[in-house]
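Residues per chain are reported as follows:
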Amino acid sequence: MFLRHVIVFSFIALLAGCAGFGARESVQGQGNPAQWNTYKQQMTSLDGWQINGKIGIRAPKDSGSGTLFWLQRQDYYDIRLSGPLGRGAARLTGRPGKVSLEVANQGRFEASTPEALLEEQLGWKLPVSNLAWWVRGLPAPDSKSRLTLDADSRLANLEQDGWQVEYLSYSEQNGYWLPERIKLHGTDLDVTLVIKEWQPRKLGQ
């Protein structure tokens, strides 16, 4: 009897855990949820990449466009922006707990989070930590999200943490279907990403 109770309790706890995780995502649209879960598993396995492309920024104090270079290696990132972005070239590097920002003709600055650093130095309220998920076509796992899937069971729209993310096109790179054109709409900031080159890297490679 005791063993049966333990098994039943464990099963209920497992279901509750699954329900709590699934409750973070509200999924709608044309796609197939099972195919979406398969896509998520594949994209989550990417822990590194190199991106080359263009970025457009619209903010109350800064607007413009420029080039984007993004190197990601597990929890380390090196993001470089250059071109007429209002404040010149910028380079954001770091890992959890320690981030630095170099801005042309202004110097180097440090903070514990990339969000705090960009807002303090550039005035941009940009969820950089979420971007590492959004750029792969995934919702960030630590907050609730509302998803709209396209006919291929990939993200068409994402609403999360006060942001709306539109996925306008995907391209196939080394067997992965990766976002190619992304628009991000925040309260005081709009960002457009056009990724011309993806070099994805899977866990353990």
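Here we summarise the structure given alongside this text. As the structure is a computational prediction, the values presented were derived from the model and not from experiment. (Residues numbered from 1 in each chain as written. Predicted model: local features only at pLDDT ≥ 70, side-chain atom pairs only at ≥ 80, totals over all residues. Heavy atoms only, no water.)

1. Digging into the packing of aromatic side chains
1) Next: Scanning all chains against the criterion turns up five aromatic pairs.
2) Next: Here the aromatic rings of W49 and W70 are separated by 5.7 Å at their centres, their planes lie at 65°, and the arrangement is edge-to-face. In this pair, W49 is assigned in strand β2 (residues 46-58) and W70 in strand β3 (residues 63-73), connecting sequence segments 21 residues apart. Assigned by exposure class, W49 and W70 land together as buried.
3) Next: Stacked on the ring of W133, the Lys or Arg R136 has its end atom at 4.6 Å from the ring centre. (Phe/Tyr/Trp six-rings, centres within 6.5 Å; stacked < 30°, edge-to-face > 60°. Helix = DSSP H or I, 4+ residues; strand = E, 2+ residues; numbered from the N terminus. Buried < 20%, exposed > 50% of the residue type's maximum accessible area, 1.4 Å probe, protein only. Lys NZ or Arg CZ within 6 Å of the ring centre and 35° of its normal.)

2. What to know about the pairing of strand β10 (residues 163-173)
1) Next: Pairing of strand β9 (residues 155-160) with β10, which is carried by four bridges, proceeds in the antiparallel orientation. Pairing of Q160 across the sheet is with W163, part of β10.
2) Next: As consecutive antiparallel partners, β9 and β10 are separated by two residues, and within that stretch D161 has a phi angle of approximately 50°, a positive value.
3) Next: Bridge analysis of β10 against strand β11 (residues 176-185) gives nine bridges, and the strand direction is antiparallel. Among the inter-strand pairings, Q164 is bridged to a residue of β11, identified as H185.
4) Next: Following β10, the chain reverses through two residues before pairing antiparallel with β11; N174 in that reversal takes a positive phi of roughly 55°. (Pairing = 2+ DSSP bridges.)

Function-wise, these values are silent; they only describe arrangement.
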